[in-house]
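Examining the three-dimensional arrangement
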There are 2 protein chains.
Amino acid sequence: MCEAMDGWRDQGFTSADCPVRDVVDHLGDKWSTLILSLLFIGSKRFGVLRRSVPDISQRMLTQTLRDLQRDGLIERQVFPTKPPSVEYSLSPLGMSLQGPLNALIAWAVDHHGAIRAARAAYDQADAA
Amino acid sequence: MCEAMDGWRDQGFTSADCPVRDVVDHLGDKWSTLILSLLFIGSKRFGVLRRSVPDISQRMLTQTLRDLQRDGLIERQVFPTKPPSVEYSLSPLGMSLQGPLNALIAWAVDHHGAIRAARAAYDQADAA
DNA sequence: CCGCATCCATCTGGATACTG
DNA sequence: CAGTATCCAGATGGATGCGG
């Protein structure tokens, strides 16, 4: 893995501390990217996030937020009101991810059609 | 999910045809990003890829390559030599992904330390 | 050399119900 | 409102052996 990437800028990471894995593995889980893109817009309360992503379970929302917080990408602020409310916002580190991630999302939107077309062509080919 | 993203440029995709999912879900699988980054450098034979990524199983390499091919990101060329050889290379679509993806990878490398530090701090906090 | 098939351990994530 | 706990189906992915 990383030992193979010295073609561009790897400096000898082992598999275990490969930075690509650290980041990509996280974006890979089903919800992280989505939650991040919502927080790019602005801070949000738990319930707002929940309603913004209709098909996420409460369990997964909590877990995703915890993971993002653990990685220092988002911050969690508890208001001891009654009933309590919790607000999530982007940390400076999280904000620095906004540019690269949005570039990728923009690519996804732009090339969405091409991907779906390629997929359809491929699937049709092996049906024949 | 997608219905929540109109803050930036969504135009009303449903969950099913959400472009973010189409792309990110793929980058999320354990090997796609890594294989793509290798092919950014240049076309490679199956065996070369296998050796470049020591801890991938043959099964996963084949599967990953198939998925990328299905999405039209890479091309597969078989040389009917004896023994046969197969070469994989980036398609034009795949090349268009290089910029955004490398931006993300660069971010990962740059902020790798910060992430690991945040993670360590978080883990230490709940040990206390 | 390249790839498929099978078997199997593990992980992910959804449903549901319950606490402060 | 926000979060936790339990249970469980399905996906992911590794090991191995066979075939062109």
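Calculation rules
- Residues numbered from 1 in each chain as written.
- Chains lettered and ligands numbered in written order.
- Predicted model: local features only at pLDDT ≥ 70, side-chain atom pairs only at ≥ 80, totals over all residues.
- Heavy atoms only, no water.
- Near = heavy atom within 4 Å.
- Helix = DSSP H or I, 4+ residues; strand = E, 2+ residues; numbered from the N terminus.
- Nonpolar A, V, L, I, M, F, W, Y, C, P; charged D, E, K, R; others polar.
- Polar contact = N/O pair within 3.5 Å; in protein donor to acceptor, adjacent residues only side chain to side chain.
- Pairing = 2+ DSSP bridges.
- Contact = heavy atoms within 4.5 Å.
- Axes fitted to C-alpha atoms, helices over the stretch in contact; angles between N-to-C directions.
- Salt bridge = Lys/Arg side-chain N within 4 Å of Asp/Glu carboxyl O.
- Buried < 20%, exposed > 50% of the residue type's maximum accessible area, 1.4 Å probe, protein only.
- Least-squares fit on C-alpha atoms with pLDDT ≥ 70 in both.
- Core = buried A, V, L, I, M, F, W, Y, C linked by side-chain atoms within 4.5 Å.
- Buried area = accessible area lost by both parts, 1.4 Å probe.

A few words now on the protein's contact with DNA strand D. With respect to spatial proximity, 19 residues lie near DNA strand D, and among them Arg45, Phe46, Gly47 and Arg76 of chain A together with Lys30 of chain B are the closest. Atoms of DNA strand D within 4 Å of the protein: sugar and phosphate make up 62%, bases the balance. Contributions of two or more residues to the surface near DNA strand D are made by α3 (46–52), α4 (58–70) and β3 (85–90) of chain A together with α4 (58–70) of chain B. In terms of residues, the surface near DNA strand D owes the most to one element, α4 of chain A, which gives four residues. The residue inventory of the surface near DNA strand D, partitioned by class, reads eight nonpolar, five polar and six charged.

This next bit is on the protein's contact with DNA strand C. Around DNA strand C, the structure places 19 residues, and the nearest of them are Lys30 of chain A together with Phe46, Thr62, Arg76 and Tyr88 of chain B. Within 4 Å of the protein, atoms of DNA strand C come from sugar and phosphate in 65% of cases. Within the side chain of Arg59 of chain B, one N or O atom sits 3.3 Å away from a base oxygen of DNA strand C. Within the side chain of Arg66 of chain B, one N or O atom sits 2.9 Å away from a phosphate oxygen of DNA strand C. Where the surface near DNA strand C is concerned, the elements lending two or more residues are α4 of chain A together with α3 (46–52), α4 and β3 (85–90) of chain B. Element by element, the count of residues in the surface near DNA strand C is highest for α4 of chain B, at four residues.

Attention shifts here to the sheet that holds strand β1 (residues 44–45) of chain A. All names here are of chain A. Taken in spatial order, the three strands make up an open sheet running β1-β3-β2, and their pairing is antiparallel. At either margin of the open sheet sits one strand with a lone partner, and together these are β1 and β2 (74–79). Where β1 meets β3, two bridges bridge the pair, whose relative direction is antiparallel. Across the sheet, the residue bridging to Lys44 is Tyr88, located in β3. In this fold helix α2 (residues 32–41) packs onto β1, β2 and β3, with an angle of close to 90° to the strand it touches most, β3. Here α4 sits on the sheet and contacts β2 and β3; the angle it forms with β2, its principal contact strand, is near 115°.

So, on to the pattern of salt bridges. Close approach of charged atoms lets side chains of opposite charge pair. In this structure the tally under the stated criterion is four salt bridges over all chains. Across the pair Asp71 of chain A and Arg119 of chain B runs a salt bridge, and its minimum N-O distance is 2.8 Å. Of the two residues, Asp71 of chain A is situated in the loop between α4 and β2 and Arg119 of chain B in helix α5 (residues 92–127); the pairing between them involves two chains. The buried category is assigned to Asp71 of chain A, whose relative accessible area is 2%.

For the rest of this paragraph, the subject is the relation of the copies chain A and chain B. For the match of chain A to chain B, the screw axis carries a shift of 0.0 Å, the RMSD comes to 0.0 Å, and the turn is 180°. The superposition of one copy onto the other is thereby described by a two-fold rotation axis. Minimal C-alpha distance to the rotation axis in chain A is attained by Gly28 of chain A, lying at 1.6 Å.

This part covers the sheet that holds strand β1 (residues 44–45) of chain B. Residues and elements named next belong to chain B. Reading across the sheet, the three strands line up as β1-β3-β2 and stay open at both edges, with antiparallel pairing between neighbours. Strands with a single pairing partner mark the edges of an open sheet, and in this sheet they are β1 and β2 (74–79). Here β2 pairs with β3 via six bridges, running antiparallel. Pairing of Arg76 across the sheet is with Tyr88, part of β3. Packing against the sheet, helix α2 (residues 32–41) makes contact with β1, β2 and β3, and its axis sits at approximately 90° to β3. Taken strand by strand, α4 contacts β2 and β3, and its axis lies near 115° from that of β2.

Moving on to the nonpolar core. In terms of nonpolar packing, the biggest core is built from 65 residues, with Leu36 and Ile74 of chain A together with Leu36 and Ile74 of chain B touching the most fellow members. Ranked by residues supplied to this core, first place goes to helix α5 (residues 92–127) of chain A with nine residues. When neighbours within four sequence positions are excluded, Leu36 of chain A is seen to be in contact with Leu27, Leu68, Ile74, Leu90, Leu97 and Leu101 of chain A.

The next thing to look at is the interface of chain A and chain B. In this complex, chain A contributes 60 residues to the contact, which on the side of chain B involves 60 residues. Considering only the surface of chain A that becomes buried against chain B, Arg70, Trp107 and Arg119 of chain A emerge as the three largest contributors, covering 13% of it. The tally of links from chain A across to chain B stands at four salt bridges. Linking Asp123 of chain B and Arg70 of chain A is a salt bridge whose minimum nitrogen-to-oxygen distance equals 2.4 Å. Here chain A is connected to chain B by eight residue pairs in polar contact (both at pLDDT 80 or more). Mapped by element, the contributors of at least two residues to the side of chain A that touches chain B are α1 (19–28), α2, α4 and α5 of chain A. No other element matches α5 of chain A, which puts 22 residues into the side of chain A that touches chain B. Among the residues making up the side of chain A that touches chain B, the classes are represented as 34 nonpolar, twelve polar and 14 charged.

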